[in-house]
Amino acid sequence: MSQQFDVVVIGGGPGGYVAAIRAAQLGFSAACVDAFKNPEGKPSLGGTCLNVGCIPSKALLQSSENFHAVQHDFAKHGISVSGAKMDVGQMLSRKTDIINKNAAGIGFLFKKNKVANIHGLAAFKGRQGEKWVIEVTDGGKVVDTLEAVHVIVATGSSPRALPGLATDNQLVLDNEGALALTAVPKRLGVIGAGVIGLEMGSVWKRLGAEVTILEAAPTFLAAADQQIAKEAFKTLTKDTGLDIKLGVKIGEVKAGKKSVSVSYELNGEAVKAEFDKLIVSIGRVPNTQGLGAETVGLALDERGFVAVDDHCHTNLPNVWAIGDVVRGPMLAHKASEEGVAVAERIAGQKPHVDFGVIPWVIYTSPEIAWVGKTEEQLKAEGVEYKKGTSGFGANGRALGLGQAQGTVKILADAKTDRILGLHMIGPMVSELVSEGVVSMEFKAASEDLARIVHAHPSLSEVIHEAALAADKRALHG
Ligand code: FAD
Ligand code: NAI
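Given the structure is predicted, the values throughout are model-derived calculations rather than measurements.

**Q** Any details on the packing of helix 1 (residues 16-25) against helix 9 (residues 332-346)? Residues and values, ideally.
**A** Packed helices, taken two at a time, are described by the angle between their axes plus the distance between the axes. Contact geometry for helix 1 and helix 9: axes closest at 8 Å, N-to-C directions at 30°. By the angle between their axes, helix 1 is roughly parallel relative to helix 9. Along this stretch, helix 1 crosses helix 9, giving a crossing that reads as right-handed. Between helix 1 and helix 9, the contacting residues are Val 18, Ala 19, Arg 22 and Ala 23 on the first element and Ser 336, Gly 339, Val 340, Ala 343 and Glu 344 on the second. By residue class, the composition of the contact of helix 1 with helix 9 is 5 nonpolar, 2 polar and 2 charged.

Printed below as a string of structure tokens:
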């Protein structure tokens, strides 16, 4: 006997679990099916983001920053600590506690909102009248059959592997392995200087590894504003100590018994490097295998993502798809917003997700964050703009924190003064970027930011000063 629902969500990551809760809030009977199992073999909601992505990476980043601070920064405050040691096992168990707490929290929210929490791998089986039939298996056995009017596919993404190189998460690591190393490797290689490479490289570098990052692209952080990217490159190489090589052509990669050898070409020269561990972080691919897409004719796009329109509707009636499995940035908050929007659209509302104001954050130290267009994009589009920049160097709060480093750049339309982009590198810019998001959502001008009272002393004063600079009236610059 099949269980009947108005809405079945496939995937319990930040896209899927949020979509299921919102659907239930809107009065639908909703179920969320998720296949993820933690290392103990137990179901754990929250998807990539909570289990092997956003949350554990930030937990480790903080631990490594604390270890670095105790060794390098505390003395300036008059605090002497000798013999600081890193207990990697304790660091990992703190990370696991955070994951378990949050995963249990999602289970609690499901109960509270009466979302049926179903564990297993879901696949489309066909259509029964108005309803889609979904089969759920666990360990190869059918554990449930569901029927639903609406299905939201939120199956997320998996790491892209380097062709011909198997990931064993012992020597060759993806994000899961990079977050679970039980000891600090002496020589850590990373292929790909993207977001994961920089964040995980920073963690293990601060804990004592020699980190070499091999990046194919000649440009560092090509998606970021290049003024900020250049400053980031300098800081991450000089201060953090990451050895980042750009324009690398990876050749043969061979995993031995205890180390991995990587042959590559750089500036026409052949190089061979040996690493104790190798992280492969060269992007992610959408999870569509085993979903039964072909059984029901669910269309994929040319890159293998589920094809959707602007409202996340697929080619099939009442089948929707959100998050990493569809086009657009692979970010947790983008997935969640699409989830809310789809649930509301099913309920007949007219929600809207503005892709032009999705914030990006890279949690290195200092952090990098931005929203809106980069200077390079504005130039390419022929948009006339003005800009204002200001630094954290003289900001009292940043000096007090011991993190007086970085820049804020605001870009505004030359004629209307409407804010077109906010780009930052500096302390806690992951929080500061929200000021840009709110301003841009409300179609603010840079003058609005310049005239808004900012608390003193606060890091946000640097945004204020950048906005003043856009009007050539900086007070402290
Ligand atoms: P996922 O979170 O991938 O969830 C999909 C879920 O569906 C998984 O649990 C999967 O097991 C399950 N599933 C798949 N197929 C099926 C099926 N057929 N049946 C049932 N269940 C299925 N983003 C940020 O915004 N900020 C960050 O700081 C950040 N840090 C990251 C760090 C790392 C190391 C990584 C790898 C990613 C990070 N991301 C970050 C990206 C973020 O994790 C993703 O964008 C986000 O998780 C996407 O959410 P989702 O719901 O689409 O998919
Ligand atoms: P990424 O797309 O950020 O970076 C991949 C990098 O690998 C690129 O710079 C690319 O040029 C390079 N590359 C690709 N093929 C290569 C090759 N053969 N040799 C050398 N370099 C190669 O992907 P990443 O870091 O794997 O992360 C995946 C996604 O997860 C990100 O795009 C992001 O959406 C998400 N994420 C977000 C975080 C955040 O919001 N703070 C943190 C971590 C991940």
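**Q** How would you summarise the site of ligand 1 if you had to cite specific residues and measurements?
**A** The immediate surroundings of ligand 1 are formed by 37 residues, with Asp 34, Thr 48, Lys 58, Ala 122 and Asp 324 found nearest. At the level of elements, strand 2 (30-34), helix 2 (47-52), helix 3 (54-72), strand 4 (121-128) and helix 9 are the ones that each hand at least two residues to the shell around ligand 1. Top element by residues in the shell around ligand 1 is helix 2. It accounts for 4 residues.

**Q** Can you explain the site of ligand 2? Please cite residues and give values.
**A** Surrounding ligand 2, one finds 21 residues, the nearest of these being Ile 196, Glu 215, Gly 283, Met 330 and Val 361. Within the contact set of ligand 2, an oxygen atom lies 2.9 Å away from a backbone nitrogen or oxygen of Gly 283. Only helix 6 (195-206) and strand 18 (360-362) provide two or more residues apiece to the shell around ligand 2. For the shell around ligand 2, the element with the most residues is helix 6, which contributes 3 residues. Along the lines of polarity and charge, the residues of the shell around ligand 2 split into 13 nonpolar, 4 polar and 4 charged.

**Q** Tell me what's going on with the pairing of strand 22 (residues 419-426), and back it up with residues and numbers.
**A** Within strand 22, 8 of the 8 residues are buried, which leaves the element mostly enclosed by the surrounding structure. In terms of strand pairing, strand 19 (residues 367-372) meets strand 22 through 6 bridges, oriented antiparallel. Within strand 22, the residue paired with Gly 372 across the bridge is Gly 421. Bridge count for strand 21 (residues 407-413) against strand 22 is 6 bridges, and the pairing is antiparallel. When the sheet's bridge partners are listed, Ile 410 is paired in strand 22 with Leu 422. Where strand 21 folds back on strand 22, the antiparallel hairpin that results is connected by 5 residues, among which Asp 417 adopts a positive phi of roughly 70°.

**Q** Give me the lowdown on helix 4 (residues 88-113), citing residues and values where you can.
**A** For helix 4, with 26 residues, the first-to-last C-alpha span of 38 Å sits near the 38 Å given by 1.5 Å per residue. The set of residues buried in helix 4 consists of Val 88, Met 91, Leu 92, Lys 95, Ile 99, Ala 103, Ile 106, Phe 110 and Asn 113. In the segment just after helix 4, Lys 114 is the residue with positive phi, at about 60°.

**Q** Can you lay out the environment of Ser 44 for me, pointing to particular residues and giving the numbers?
**A** Structurally, the position occupied by Ser 44 is in the loop between strand 2 and helix 2. For Ser 44, a relative accessible area of 4% puts it in the buried group. Along the sequence, Ser 44 and Gly 421 sit 377 residues apart, while their C-alpha atoms lie 37 Å from each other. Sequence-distant contacts of Ser 44, that is, excluding residues within four places in its chain, are made with Asp 34, Phe 36, Asn 38, Asn 51, Ile 99 and Ala 103.

**Q** Pulling in residues and values, what's your account of the pairing of strand 19?
**A** Extensive coverage of strand 19 is indicated by the burial of 5 of its 6 residues. Relative to strand 19, strand 18 runs antiparallel, the two being bridged by 3 bridges. Across the sheet, the residue bridging to Val 361 is Ala 369, located in strand 19. Connecting strand 18 to the next strand, strand 19, in antiparallel fashion are 4 residues.

**Q** Requested: an account of helix 1, with residues and values cited.
**A** By the criterion of burial, helix 1 is predominantly enclosed, with 8 of the 10 residues buried. Turning to helix 1, its buried residues number three or more, namely Gly 16, Val 18, Ala 19, Ala 20, Ile 21, Arg 22, Ala 23 and Ala 24. Buried residues along helix 1 sit against strand 1 (3-10), strand 2, helix 4, strand 3 (115-119), strand 6 (141-153) and helix 9.

Each value, and the rule that gives it
- Residues numbered from 1 in each chain as written.
- Chains lettered and ligands numbered in written order.
- Predicted model: local features only at pLDDT ≥ 70, side-chain atom pairs only at ≥ 80, totals over all residues.
- Heavy atoms only, no water.
- Axes fitted to C-alpha atoms, helices over the stretch in contact; angles between N-to-C directions.
- Helix = DSSP H or I, 4+ residues; strand = E, 2+ residues; numbered from the N terminus.
- Parallel < 35°, antiparallel > 145°, perpendicular 65-115°, else oblique.
- Left-handed = near helix turned anticlockwise from the far one by under 90°.
- Contact = heavy atoms within 4.5 Å.
- Nonpolar A, V, L, I, M, F, W, Y, C, P; charged D, E, K, R; others polar.
- Near = heavy atom within 4 Å.
- Polar contact = N/O pair within 3.5 Å; in protein donor to acceptor, adjacent residues only side chain to side chain.
- Buried < 20%, exposed > 50% of the residue type's maximum accessible area, 1.4 Å probe, protein only.
- Pairing = 2+ DSSP bridges.
- Expected span 1.5 Å × (residues − 1).

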